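# Understanding the architecture of this molecule
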Amino acid sequence: TTPADVYDARPAEPSGTAVLLLAGSSGRIERPRADLLAAHGARVRAMRWFGGVGQRPAPHEVPLELFLAEIDRLRGESDRVTLFGTSFGAEAVLTVASVAEVEATIAVAPSSVVWAGEMGGDWSSHWTLDGIPLPFVPFEPNWRPSTDPPEYRSLYLQSLRRDPAVTDAARIPVERIGGEVLLVVGGDDRVWPSDVFGEQIVKARQTAGLVTTVVSRPDAGHRMLLPGETAMPGGIRMGRGGDATADAALGALAWREIVRMLHLR
């Protein structure tokens, strides 16, 4: 990563917790959220993980080593290292946490599987490890949106059901994640079925004897707004579900768990 692709927020009174903060398909650097967490004691590195200098131009075969290097860097500065991601960023942090040691993982609008990414007409996995693409779920080729703006929830559900063996191979091994896991889920998520994904993650970890904390609201959408946040513009044009009131209510519920997990003040 280069200075243009990261934003470091440092607290006046450190809590000992470092956070690697990832956005989703917007490709943005989550500066306001980083400042919010730092104001309460976290040392935060918000990073762009595609489309930056020397990075993959799209969420397509992004090396997990990009994140592992940042974890190592933060480990040298803090007592605890945690991951915090939203949407594709949530898919990223859950995948990374399954191969790295972290103290906590926060996944907002999570996925339980690795998805396909496209670049220049070539479809492959979102992620690679040691140069090898991870197994992924390809998209249903015959799906067409029925709403304007498009809502992609049905695309993801249909794609999951196409080939159970392929879907199972692409499952993120969340039972390997050490430390605490927090899932933040909106029941009105119209981008993808994060509520279904959340249930699958909980079940897999429960089978392994692991506890997962879930915060949800039935009327919230794909976005979560933490206290003081407003919806950021940009990203792909799509129907996300929820509204500012419901998404903020979800964020207020999640904030209590985030403060606890990150040892914030």
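Residues numbered from 1 in each chain as written. Predicted model: local features only at pLDDT ≥ 70, side-chain atom pairs only at ≥ 80, totals over all residues. Heavy atoms only, no water.

## Focus on the sheet that holds strand E5 (residues 80–86)
Backbone hydrogen bonds are what pair the strands of a sheet, in a parallel or an antiparallel way. For clarity, the cut-off: A pair of strands is considered paired only if DSSP assigns at least 2 bridges between the two. A run of H or I in DSSP becomes a helix once it reaches four residues, and a run of E becomes a strand once it reaches two; helices and strands are each numbered from the N terminus. Here the axes come from fitting lines to C-alpha atoms, over the contacting stretch only for helices, and the angles between their N-to-C directions go from 0 to 180 degrees. By definition in these notes, contact holds between two residues if any of their heavy atoms fall within 4.5 Å.
Within the open sheet, the 7 strands sit side by side as E1-E3-E2-E5-E6-E11-E12. Their pairing is mixed. On the outer flanks of this sheet lie strand E1 (6–9) and strand E12 (213–217), each paired with one strand and no other. Along the sheet, successive strands turn relative to each other by an average axial angle of 15°, direction set aside. Sheet analysis places E5 next to strand E6 (residues 104–108), joined by 5 bridges and oriented parallel. The residue bridging Gly85 from the neighbouring strand is Ala107, located in E6. Each of strand E11 (180–186) and E12 touches helix H6 (residues 194–207); the most contacted strand, E11, lies at about 155° to it.

## Concerning the sheet that holds strand E10 (residues 132–133)
Strands sit in the order E4-E9-E10 across an open sheet of 3 strands; the sheet is mixed. On the outer flanks of this sheet lie strand E4 (62–63) and E10, each paired with one strand and no other. Strand direction decides the pairing type here: strand E9 (residues 127–129) and E10, joined by 2 bridges, are antiparallel. Following the sheet pairing, Thr128 is matched in E10 by Pro133.

## Some points on helix H1 (residues 31–39)
Selection criterion: Between buried and exposed lies partly exposed: a residue is buried under 20% and exposed over 50% of the maximum accessible area for its type, with that area taken using a 1.4 Å probe on protein chains only.
When H1 is considered as a whole, its buried residues turn out to be Arg33, Ala34, Leu36, Leu37 and Ala38. Buried-residue contacts for H1 involve E1, strand E2 (17–22), strand E3 (43–47), E5 and helix H7 (244–261). The positive-phi residue at the C-terminal boundary of H1 is Gly41, with phi of around 115°.

## Description of the packing of aromatic side chains
Where we set the bar: Each Phe, Tyr or Trp ring (for Trp, its six-membered ring) is paired with any other whose centre lies within 6.5 Å, and the angle between the two planes then decides the class: stacked below 30 degrees, edge-to-face above 60, tilted in between.
Following the criterion strictly, the structure yields 13 aromatic pairs and no others. Between the aromatic rings of Trp143 and Tyr152, the centroid separation amounts to 5.6 Å while the plane-to-plane angle is 35°, which identifies the pairing as tilted. Taking relative accessible area as the criterion, Tyr152 reaches 22% and is therefore assigned partly exposed. Through a chain of ring-to-ring contacts, the aromatic side chains of Phe88, Trp115, Trp123, Phe139, Tyr156, Trp192 and Phe197 assemble into a single cluster.

## Comments concerning the nonpolar core
What counts here: Buried residues of nine kinds, namely Ala, Val, Leu, Ile, Met, Phe, Trp, Tyr and Cys, make up a nonpolar core once their side-chain atoms join them within 4.5 Å.
Trp49 and Phe67 are the most contacted members of the largest nonpolar core, which has 44 residues in total. Looking at this core element by element, the count peaks at 7 residues for helix H3 (residues 88–97). Apart from residues lying up to four places away in sequence, Trp49 is in contact with Leu22, Ala23, Gly24, Gln55, Pro59, Val62, Leu66, Phe67, Phe88, Gly89 and Trp127. By size, the runner-up hydrophobic cluster in this structure holds 29 residues, among which are Phe84, Leu182, Val215 and Leu226.

## A word on the layout of surface pockets
What counts is decided by this rule: Whether a set of points on the 1 Å grid over the protein atoms alone is a cavity depends on a 1.4 Å probe fitting there but being unable to get out, while an open set qualifies as a pocket with protein on both sides within 12 Å along at least five of seven lines; lining residues are those with an atom within 4 Å of a point. Grid points are joined across faces, edges and corners, and a volume is the space filled by probe spheres set on the points. Residue polarity is assigned by list, with Asp, Glu, Lys and Arg as charged and Ala, Val, Leu, Ile, Met, Phe, Trp, Tyr, Cys and Pro as nonpolar; anything else, Gly included, falls into the polar class.
In this structure, the largest pocket spans a volume of roughly 820 Å³. Taken together, 40 residues form the lining of the largest pocket, with Gly24, Ser25, Ser26, Ser87 and Arg240 sitting closest to its centre. Only H1, strand E7 (116–119) and helix H4 (153–162) provide two or more residues apiece to the lining of the largest pocket. Among the residues making up the lining of the largest pocket, the classes are represented as 21 nonpolar, 12 polar and 7 charged. What the second largest pocket holds in volume is close to 240 Å³. Around the second largest pocket sit 15 residues that line it, and Ser112, Val113, Leu160, Thr167 and Gln200 are the ones nearest its centre. Contributions of two or more residues to the lining of the second largest pocket are made by H4, helix H5 (164–169) and H6. Looking at which element gives the most residues to the lining of the second largest pocket, the answer is H6, with 4 residues. Class assignment of the residues belonging to the lining of the second largest pocket gives a composition of 9 nonpolar, 3 polar and 3 charged.

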